[in-house]
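Coordinates in review
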Amino acid sequence: MARAVLDPQLADKAGSTSKAATTQYVYFFGDGKADGNGRMKDVLGGKGAGLAEMTNAGLPVPPGFTIQTEACREYMRGKLSHQIEDEMLTALEKLEKLQGQKLGTGENPLLVSVRSGAKFSMPGMMDTILNLGLNDTAVEALAKRSGNPRFAYDSYRRLIQMFGDVVLDIPKKKFEHIFDGVKAAKKVKFDYELGPDSLQKIIAEYKKLVKKETGKEFPQDPLVQLVAARDAVFRSWQNERAKTYRRINHIDDWLGTAVNVQAMVFGNLGENSGTGVGFTRNPATGEHMFFGEYLMNAQGEDVVSGVRTPNPISELEKAMPKVYEQLKDITRRMEKHYRDMQDFEFTIQDGKLYMLQTRNGKRTGLAAVRVAIDMVREGLITQEEAIFRVEPNQLYDFLVPRLVEKGEKIEVLSTGLPASPGAAVGQIVFSAEDAVKYHTNGAYKSVILVRGETTPEDIAGMEVASGILTSRGGMTSHAAVVTRGMGKCCVAGAGDCTIDEKKKEMRVKGKVFHEGDWLSLDGTTGRIINGRLNTLPVNPDNPDLIQFMGWVDERRRLRVLANADIPRDAKQAQAFGAQGIGLCRTEHMFFAEDRLPHMQAMILAKTEEDRRAALAKLLPMQRADFQGLLKCMGSLPVVIRLLDPPLHEFLPKREDLLVQIAKLEATHPKSPKLKELHKILERVEELHELNPMLALRGCRLGITYPEITEMQAHAIFEAAAAVKKSGADPHLEIMIPLIAGPEEFKAQAAIIHAVAHDVFIKKGLAVDYKVGTMIELPRACIVADKIAADAEFFSFGTNDLTQTTFGISRDDCNKFLPAYLQQGIFKQDPFAVLDQEGVGTLIKMAANKGRSARRDLEIGICGEHGGEPESVKFCHRAGLDYVSCSPYRLLTARLAAAQAAIEEQKIFNPDLRTGNSK
């Protein structure tokens, strides 16, 4: 019977395959269980594996079955095996027999929920349908059986709305418009205040909407509903929000989702019923406490959707003490069994508790570190396991900004729930689309996304927003869960705020805020503050963080250095654990207000003599910069890159000059400044290049104008000599940028060595130094062995190496990169996550070739990839010595390096694989 409702084209394509003959597609709860290596999670998904495990443990779980992830992959390939239909019908018959009910028929109809469940938790990203099996006949039977017509009609209207939204692609807002209209007509505030007659009217209007939008009646056959719902859940794996979430969290697109079909229990049966979600520890702080929220006379979607603001779970102890104690006992056992903080869902039907789900809970970085440390103390996990309980990017939470309030007039507009810690300051927008638009075009430097409540469709906007504010929802709402996972600030459930998304305005405390107005959010306290406050990073001297990073540093091999150009940044880097400076960009120093005129004078000079005169004025400034940096870093290595960017970057833009000249000629035609501007314009036009990033820059500048390299070398060595004379022991590494072969390196290295010799003789002392190169071009990777004959270190500039390998301009790729990511041509932005297959192969080739010529060659990377976790792990596997990243990515890089080292050891140490190490 079920086969008849399959898409005929899919049925024709499907057929018996060798895989179908050997694969079990459907597992009844209890047939499978989660194991330490995650094999059943691969098959059943996290939710299905958890339900099987809880069933086997004898917990009160409504029965059901799981259609495994391979079925989803078959659906994506367009071939859905008949075996899936057979096994699903067999499992349904078993469920009906166990319950003594038939799906959607009889005096006591069986109703089921149909939910997604991937291997990795993706909260809210895929779809769920509740109350499946209801139809015009079954709803009357349910009303009679329960003695509660309101409950029956409420369940039916929920099914039509969910089915219409998820399966039939009817916009959810069209259903909400009908529902809100009836509420307004009846003058009620809460959903549960609507009586049976009102709900029947809503059902009739919903069915008319379905007919209008699809041309078909709402399906009355329960099996048609089931197959359509299953396929809709499979399709939801490929919806835009799910794809965006997987891209952000590096989840494989071909894992697929399982589908869980489970007998319904009802939290909306009356005042003795309810539903809730919770955590075995506080997901925001990690505190060992029972944490969660619940609603009476409601279904699960009401709690997590943010439509109603729920009650703290502690209040359940007063309302239903026996249920509360049973829930605490069960969740305590689950945490001990899984050896991790659990996120659970439950329903109470007529005073009886049912567990609907358990999974490892999402948590903030602050909570992740605390939970990991506490669980080691409690003997639940080892230190090595603790290191993997924290995602590297979660350590940003220890560095999230705080609001600067001292000396400021603070106007607190309202206080909501502190859903995700940190602070955010930005201009408000009222839709995810506007958040993406203004972020992309640069109109707003920082965006606050303001919504009544967020939905999974908002994921792209939430990704680019600095903070999220909602007027509805609780600590376990979609906004709260997703922002905690992203490490973003969120204030939820701010009920004093009236948000009109259509008018793009927010009303609070008698004030009206429009798109573009500034707000400041404190996600740690829940405060919403008027205006634009400044922010400060938190102090990283957190005792939990220090202990955790101690475990991390004991286990990593890669050294982690920082990119820093000035002493202030260097001090910050040291506070975050930097083991040196891996990249000091000397050009940044030339943009300072007191230096730029001298730099421009050097560029405008027509003769070497004039250039040297301008450089002589820059030399003491550069020397002072380097002296401050070297003094700050003590005996730690400092890698200084010689001038790299094209010279035109230090001059005004041609278009700006033309405008200035035109204005002066119109208003002050005899102004002496006109001659100066014409001179600059002439030089700008001389320096104009069609592709400046591949033109006169890097070592080519020093070869064309050797006096530039001489000045920089003098500044570096004179600064080092002064620092050494003061009693310190500086360790210098001078990096020549953008070489394509050994000849360029030799030409520049000769100048550096000659200047070092002269300075050391004059100062009467020598300083330890190395001369190496930045590998940024594919040709340099190919001839790395020849370059290493003279170079003492390699540092891969992966930003430019990515550009030159792909043939993509990092500054212009936004015109097509979004399309590449959306279509799956690129799985990740290659400038954010290292392309291991292409760029990574060049890095490994260069490293192997370089060390074949110089065994002690020091090798690292200093591009943006140096702080990206997967890229750091690649660097460990490739045998590099260090990574260098921005100061605020140091904690992330250190943790990723430790995880890479432990992963490598697991290959050779079975005890580590099973968690038995001490």
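Scroll up for the structure.
Basis of the calculations
Residues numbered from 1 in each chain as written. Predicted model: local features only at pLDDT ≥ 70, side-chain atom pairs only at ≥ 80, totals over all residues. Heavy atoms only, no water. Helix = DSSP H or I, 4+ residues; strand = E, 2+ residues; numbered from the N terminus. Buried < 20%, exposed > 50% of the residue type's maximum accessible area, 1.4 Å probe, protein only. Contact = heavy atoms within 4.5 Å. Core = buried A, V, L, I, M, F, W, Y, C linked by side-chain atoms within 4.5 Å. Pairing = 2+ DSSP bridges. Axes fitted to C-alpha atoms, helices over the stretch in contact; angles between N-to-C directions. Polar contact = N/O pair within 3.5 Å; in protein donor to acceptor, adjacent residues only side chain to side chain. Salt bridge = Lys/Arg side-chain N within 4 Å of Asp/Glu carboxyl O. Expected span 1.5 Å × (residues − 1). Parallel < 35°, antiparallel > 145°, perpendicular 65-115°, else oblique. Left-handed = near helix turned anticlockwise from the far one by under 90°. Nonpolar A, V, L, I, M, F, W, Y, C, P; charged D, E, K, R; others polar. Phe/Tyr/Trp six-rings, centres within 6.5 Å; stacked < 30°, edge-to-face > 60°.

1. Considerations on the environment of Ala 898
- In this structure, Ala 898 sits in helix α36 (residues 890–908).
- For Ala 898, a relative accessible area of 0% translates into the label buried.
- Excluding residues that lie within four positions of it along the chain, Ala 898 makes contacts with Ile 387, Val 552 and Arg 556.

2. A few points about the nonpolar core
- Counting residues in hydrophobic clusters, the biggest one holds 127 residues, and the most contacted among them are Phe 717 and Phe 796.
- Top contributing element to this core by residue count: helix α24 (residues 608–633), with 10 residues.
- Dropping the residues within four chain positions of it, Phe 796 is found in contact with Ile 775, Cys 781, Leu 801, Ile 843, Ala 846, Ala 847, Ile 859, Gly 860, Ile 861, Cys 862, Gly 863 and Leu 880.
- Ranked by size, the runner-up nonpolar core spans 87 residues in total, among them Phe 151, Val 167, Leu 269 and Met 462.

3. Some words on the sheet that holds strand β18 (residues 498–500)
- If you trace the 3 strands from one edge of the open sheet to the other, you get β18-β19-β20, paired in antiparallel fashion. One side of each edge strand has no neighbouring strand; the edge strands of this open sheet are β18 and β20 (511–514). Neighbour-to-neighbour, the strand axes of the sheet open up by a mean angle of 20°, direction not taken into account.
- As paired elements, strand β19 (residues 505–508) and β20 share 4 bridges and run antiparallel to each other. Counterpart to Glu 505 in the pairing with β20 is His 514.

4. Structural notes on helix α4 (residues 69–77)
- Along α4, 7 of the 9 residues are buried, which leaves the element largely enclosed by surrounding structure.
- Every buried residue of α4 is accounted for by Thr 69, Glu 70, Ala 71, Cys 72, Arg 73, Glu 74 and Tyr 75.
- One side-chain oxygen at the N-terminal end of α4 lies 3.0 Å from the backbone nitrogen of Glu 70; it belongs to Gln 68.
- At the C-terminal side of α4, Gly 78 shows a positive phi close to 85°.

5. Overview of the side chain of Asp 154
- Here Asp 154 shows up in helix α7 (residues 149–166).
- Since its relative accessible area comes to 3%, Asp 154 is described here as buried.
- Side chain to side chain, Asp 154 and Arg 157 meet in a polar contact 2.9 Å long.
- Non-local contacts of Asp 154, meaning those with residues more than four positions away in its chain, are made with Leu 199 and Asn 268.

6. A word on the sheet that holds strand β29 (residues 793–796)
- Read once around its circumference, the closed barrel built from 8 strands follows the order β24-β25-β26-β27-β28-β29-β30-β31, with strand pairing classed as parallel. Between one strand and the next, the sheet's axes are offset by a mean angle of 25°, whatever the strand orientation.
- Sheet topology note: the strand β26 (residues 637–641)/strand β27 (residues 731–736) ladder contains 5 bridges and is parallel. Its bridge partner being in β27, Val 639 is matched across the sheet by Glu 733.

7. What about the pattern of salt bridges?
- According to the stated counting rule, one finds 63 salt bridges in the structure shown.
- With a shortest N-O distance of 2.8 Å, Asp 136 and Lys 207 are connected by a salt bridge. Linking Asp 136 in helix α6 (residues 136–146) with Lys 207 in helix α9 (residues 196–214), this pair joins segments that are 71 residues apart in sequence.
- Note on Asp 136: relative accessible area 34%, which makes it partly exposed.
- A salt bridge links Arg 370 to Asp 374; the nearest nitrogen and oxygen atoms lie 3.8 Å apart. With Arg 370 and Asp 374 both in helix α15 (residues 365–377) and 4 residues apart, this pair spans about one turn of that helix.
- Overall, Arg 370 belongs to the partly exposed group, its relative accessible area being 31%.
- Judged by its relative accessible area of 12%, Asp 374 falls in the buried class.
- Via salt bridges that share partners, Glu 587, Arg 641, Asp 644, Arg 697, Glu 776 and Asp 800 belong to a single interconnected network.

8. Looking at helix α29 (residues 742–763)
- In a regular helix each residue adds 1.5 Å, so 22 residues correspond to 32 Å; α29 covers 31 Å between its end C-alpha atoms and thus fits that length.
- Those residues of α29 not exposed but buried are Pro 742, Glu 744, Phe 745, Gln 748, Ala 749, Ile 751, Ile 752, Val 755, Ala 756, Val 759 and Phe 760.
- Tucked inside the fold, the buried residues of α29 contact α27 (699–704), α28 (706–725), β27, β28 (769–775) and α31 (784–788).
- Gly 764 sits one or two positions beyond α29 and adopts a positive phi of about 70°.

9. Some details on the packing of α24 against α28
- Close contact between α24 and α28 brings their axes to 7 Å; oriented N to C, the two are set at 30°. Relative to α28, the element α24 lies roughly parallel. In the packing of α24 onto α28, the handedness of the crossing is right-handed.
- For the contact of α24 with α28, the class distribution of residues is 13 nonpolar, 4 polar and 8 charged.

10. Considering the packing of aromatic side chains
- Applying the stated criterion across every chain yields a total of 18 aromatic pairs.
- Centroid distance Phe 175 to Tyr 206: 4.9 Å. Interplanar angle 85°. Geometry classified as edge-to-face. Taken together, the positions of Phe 175 in helix α8 (residues 172–186) and Tyr 206 in helix α9 put the pair 31 residues apart, joining distant regions of the chain. The same class applies to Phe 175 and to Tyr 206, which are both buried.
- Arranged with centres 5.7 Å apart and planes meeting at 75°, the rings of Phe 290 and Tyr 324 form a pair that is edge-to-face.

11. Quick notes on the packing of α15 against helix α20 (residues 543–555)
- Viewed as axis vectors pointing N to C, α15 and α20 meet at an angle of 70°, and their least axial separation amounts to 10 Å. Comparing their axes, α20 and α15 come out roughly perpendicular. Seen along the crossing, α15 lies across α20 with a hand that is left-handed. Along its contact with α15, which presents Val 369, Arg 370, Ile 373, Val 376 and Arg 377, the element α20 presents Asp 544, Leu 545, Gln 547, Phe 548 and Trp 551.

12. A word on unusual backbone geometry
- Phi is positive for Lys 504, which is not a glycine, with a value near 55°.
- The phi dihedral of Lys 509 falls on the positive side, at around 55°, and the residue is not glycine.
- Mapped onto the secondary structure, Lys 509 falls in the loop between β19 and β20.
- Looking at Lys 509, the relative accessible area reads 53%, which means it is exposed.

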